[in-house]
Amino acid sequence: MPVEKKTQSDPEMLKGTLDMMVLRTLVTGDAHGHTIAKVIERTSEDVLEVEQGSLYPALHRLEDRGWVSSYWGASENNRKAKFYRLTAAGKKQLVRETYRWRQMARAIASVMGEKLPAEGDTE
């Protein structure tokens, strides 16, 4: 499974989720692929494992869509690395994807008998 460590899931759904998580990771600044993967793993408390075979196609897809740009630079250990940067279009897409993801999470929670706060609620 390309993204999840502990559970099996639909690869198409995970692809969109991975794209959203990559965009979210780049909000904090430019990063190369290894760093992006480690940030996602660390912030998910190691529940999610991002494999190179999923990450780099996602980065190329995001770049093709104009949501990220890339350039060559030196990594922390002074090796040549490709860095990715969130574009203005990518920031707008992240807002759309975040809204859609929250809607989906609330819908699933509702079906599962749980209640998540609606958008704009202060609970």
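Residues numbered from 1 in each chain as written. Predicted model: local features only at pLDDT ≥ 70, side-chain atom pairs only at ≥ 80, totals over all residues. Heavy atoms only, no water.

1. Overview of the overall build of the protein
The helix and strand inventory of the protein stands at four helices and three strands. Along the chain direction, N to C, the helices and strands of the protein fall in the order α-β-α-α-β-β-α. For the protein, the proportion of its 123 residues judged to be buried stands at 33%. Sequence-distant contacts in the protein: of pairs separated by 6 or more residues, those separated by 24 or more amount to 47%. Accessible surface for the protein amounts to roughly 8100 Å². Of this, 52% is attributable to carbon and sulfur atoms. (Helix = DSSP H or I, 4+ residues; strand = E, 2+ residues; numbered from the N terminus. Buried < 20%, exposed > 50% of the residue type's maximum accessible area, 1.4 Å probe, protein only. Contact = heavy atoms within 4.5 Å. Areas by Shrake-Rupley, 256 points an atom, 1.4 Å probe, with all protein chains shown as cover.)

2. So, the packing of helix α2 (residues 33–43) against helix α3 (residues 52–64)
It is the contact of α2 with α3, at a shortest axis distance of 11 Å, that shows an interaxial angle of 115°. When the axis of α2 is compared with that of α3, the two are roughly perpendicular. The two elements α2 and α3 cross, and the hand of that crossing is right-handed. Along its contact with α2, which presents G33, H34, I36 and A37, the element α3 presents L55, Y56 and L59. When its residues are assigned to classes, the contact of α2 with α3 shows five nonpolar, two polar and no charged. (Axes fitted to C-alpha atoms, helices over the stretch in contact; angles between N-to-C directions. Parallel < 35°, antiparallel > 145°, perpendicular 65-115°, else oblique. Left-handed = near helix turned anticlockwise from the far one by under 90°. Nonpolar A, V, L, I, M, F, W, Y, C, P; charged D, E, K, R; others polar.)

3. Describing α3
Between its first and last C-alpha atoms α3 spans 18 Å; for 13 residues at 1.5 Å apiece the expected length is 18 Å, and the two agree. Taken as a whole, α3 has its buried residues at S54, L55, A58, L59, R61 and L62. For α3, the angular spread of buried residues about the axis comes to 160°, placing them on one side. Away from its buried face, by an angle of more than 90 degrees, α3 presents the exposed residues Q52, G53 and D64. G66 lies just past α3 and shows a positive phi near 80°. (Expected span 1.5 Å × (residues − 1). Arc of directions from axis to C-beta.)

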